[in-house]
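Architecture and fold: a report
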Amino acid sequence: ICPGPGGSYDLLTDRGFDVAIERGIKTFHHHVCGWYSLSRIHKMAIQFANIFVSAFFTYRLVIKEKPDLVHLGSGALLGPGLGAKMAGVPVVWHIREHLADGYFGIRKRIIASYIDFLSDKVIPIRESEARKLKKTKKLKVIYDCVDFDEFDRRIPGDAFRKEFNLTEEDRSVATFGAVTHYKGSLPFVQAAIHVLKNHGN
């Protein structure tokens, strides 16, 4: 089940999986910087309301489809976690993003307790994520797998350097992530300008 079309939906349908789109399911962006800003208080209210809306749509889907297990692929799926719990189906919760501390750490503690209460197993993909969550027997770190045939650091970068006219002395820096404020896209560009002014290569 996906909340909308996108890369995951295309990939799964192309491979023959039965994928449903349920637009009533919304994510709860607890990890976004500046979440507590007073200028965004109306968005906070909408976010909280969407937990219960998403829980309703998830509950309805789970009752209809009767799965043996619900796997949540993000810590932002607070509504679906509640809906699955209401339907009485075991929940495995995969935590793939950083749970922000916020200004006082209150939000982090509430969300960590919420996830622990609703899930049967909690799987963070890094130790840093695990430290933000409740330390119970439900918690187990499982690192994302990497296909070393495709992502092999031993592969020479000659083709890349040739494509961008880089010499052996030139240094290259890359950033990966969505082009958004909280991913640090602007500071990266600002830093690149500063570095280029001081280091021509």
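Look above for the structure.
Below is a short write-up of the structure. Just so it is clear, the model here is predicted, and its values are computed rather than measured.

Let us now look at the overall build of the chain. In terms of regular secondary structure, the chain is built from 7 helices and 3 strands. The helix and strand sequence of the chain, counted from the amino end, reads α-α-β-α-β-α-β-α-α-α. What you see for the chain is a C-alpha radius of gyration of 21 Å, clearly larger than the 17 Å of a compact globule of 201 residues, by over 25%. Looking at the 201 residues of the chain, the share that counts as buried comes to 32%. The long-range share in the chain, meaning contacts at least 24 apart out of those at least 6 apart in sequence, stands at 44%. Carbon together with sulfur atoms contributes 60% to the accessible area of the chain, which is approximately 14200 Å² in total. In the chain, which carries 29 positive and 22 negative side-chain charges, the distance between the mean positions of the two groups comes to 11 Å.

This next bit is on the pattern of salt bridges. Taken as a whole and assessed by the stated rule, the structure comprises 2 salt bridges. Taking the shortest distance from any N to any O, the salt bridge between Glu129 and Arg126 comes out at 2.9 Å.

With respect to the secondary-structure elements, Leu61 resides in helix α2 (residues 41-65). Accessibility expressed as a relative area gives 13% for Leu61, which makes it buried. Note: C-alpha distance between Leu61 and Ala20 (41 residues apart in sequence) is 9.8 Å. Apart from residues lying up to four places away in sequence, Leu61 is in contact with Ile1, Glu22 and Ile25.

Cut-offs and rules
Residues numbered from 1 in each chain as written. Predicted model: local features only at pLDDT ≥ 70, side-chain atom pairs only at ≥ 80, totals over all residues. Heavy atoms only, no water. Helix = DSSP H or I, 4+ residues; strand = E, 2+ residues; numbered from the N terminus. Rg over C-alpha atoms; globule rule 2.2 N^0.38 Å. Buried < 20%, exposed > 50% of the residue type's maximum accessible area, 1.4 Å probe, protein only. Contact = heavy atoms within 4.5 Å. Areas by Shrake-Rupley, 256 points an atom, 1.4 Å probe, with all protein chains shown as cover. Lys, Arg positive; Asp, Glu negative; His and termini not counted. Charge placed at Lys NZ, Arg CZ, Asp CG, Glu CD. Salt bridge = Lys/Arg side-chain N within 4 Å of Asp/Glu carboxyl O.

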